[in-house]
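Structural overview
Take a look at the letters that make up each chain.
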Amino acid sequence: MKAVLISVLLAILPIVGQVNSEVSIRGKIDIRPGETTHLGAYPDNPSYTYVWDFEQNNVEANFSYSTSGSSITITHLNKTQSSLLGVYCTVYDESGYNIGTGYTEIVVQF
């Protein structure tokens, strides 16, 4: 009976030990038309891989962006139009395991 209990506990232990970190995106999310913002994803670890993505399909029509590791720079291109942009960042550790995904919305308004 003891052996069965120990086997069950050893089988459950790796499942309990796996904890996904929460990914957050920080930075200025309320900008004016034509302005630039810089966002950063946390946890910030140089050995992690950061994959940035957007909720909208045709992002290039209203925004230009560049990524560098855990940060992204986004510029609103249309100086006469308000917009909303959903931004996702998925983070993977050095082994390729998914740490988590963060989401924020950039609001562009006069």
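Above this text you will find the structure in question.
Summarised in this report is the structure supplied together with it. (Residues numbered from 1 in each chain as written. Predicted model: local features only at pLDDT ≥ 70, side-chain atom pairs only at ≥ 80, totals over all residues. Heavy atoms only, no water.)

**Considering the overall build of the protein**
In plain terms, the rule: Helix numbers and strand numbers start at the N terminus; a helix is a DSSP run of H or I with at least 4 residues, a strand a run of E with at least 2. We call a residue buried when its accessible area falls under 20% of the maximum for its residue type, exposed when it is over 50%, and partly exposed in between, using a 1.4 Å probe and counting protein chains only. The contact definition used throughout considers only heavy atoms, calling two residues in contact when any of these lie within 4.5 Å. Each accessible area value is a Shrake-Rupley result obtained with a 1.4 Å probe; residue values ignore everything except the protein chains displayed when judging cover.
On a plain count of helices and strands, the protein comes out with one helix and eight strands. Going from N to C terminus, the protein has its helices and strands arranged as α-β-β-β-β-β-β-β-β. Buried residues in the protein amount to 28% of all 110 residues. The contacts of the protein with a sequence gap of at least 6 include a subset with a gap of at least 24, amounting to 55%. In the form shown here, the protein has an accessible surface area of approximately 7200 Å², with 53% of it arising from carbon and sulfur atoms.

**Here we look at the sheet that holds strand β2 (residues 30–31)**
What counts here: Strand pairing is defined by DSSP finding a minimum of two bridges between the two strands.
Sheet architecture is open: four strands sit in the order β2-β8-β7-β4, paired in mixed fashion. Two strands close off the open sheet at either side, each with one partner strand: β2 and β4 (49–54). Where β2 meets strand β8 (residues 98–108), two bridges bridge the pair, whose relative direction is parallel. Residue pairing for β8: Asp30 is matched across the bridge by Val107.

**Quick look at the pattern of salt bridges**
What counts here: Definition used for salt bridges: Asp or Glu carboxyl oxygen within 4 Å of a side-chain nitrogen of Lys or Arg.
One pass over the structure, following the stated rule, counts one salt bridge. For Lys28, the salt bridge goes to Glu35, with nearest N and O atoms at 4.0 Å. A relative accessible area of 49% places Lys28 in the partly exposed class.

**With respect to the nonpolar core**
The condition is simple: Among buried residues, those of type Ala, Val, Leu, Ile, Met, Phe, Trp, Tyr and Cys that are joined through side-chain atoms within 4.5 Å constitute a nonpolar core.
The biggest cluster of nonpolar side chains holds 19 residues, and the ones touching the most others in it are Trp52, Ile74, Leu85, Val87 and Ile106. Of all elements in the fold, only β3 (36–42), β4, β6 (71–76), β7 (83–92) and β8 reach the threshold of two or more residues within this core. Looking at this core element by element, the count peaks at four residues for β7. Beyond its immediate sequence surroundings of up to four residues, Ile74 is in contact with Glu35, Thr36, Thr37, Leu39, Phe54, Phe63, Ser64, Tyr65, Leu85, Val87 and Ile106.

**Details of the packing of aromatic side chains**
Defined as follows: Each pair of aromatic rings taken from Phe, Tyr and Trp, with Trp reduced to its six-membered ring, is defined by centres within 6.5 Å and is described as stacked if the planes are under 30 degrees apart, edge-to-face if over 60, and tilted in the remaining cases. The criterion is that NZ of a Lys, or CZ of an Arg, lies within 6 Å of the ring centre and within 35 degrees of the ring normal, and then a charge sits over that ring.
The final tally for this structure, using the stated rule, is two aromatic pairs. Ring geometry for Tyr88 versus Tyr103: centroids 4.6 Å apart, planes at 45°, classification tilted. Pair noted here: Tyr88 is in strand β7 and Tyr103 is in strand β8, with a separation of 15 residues, a long-range link. For Tyr88, a relative accessible area of 30% puts it in the partly exposed group. For Tyr103, a relative accessible area of 35% puts it in the partly exposed group. When the ring centre of Tyr42 is taken as reference, the NZ or CZ atom of Arg26 above it lies at 4.3 Å.

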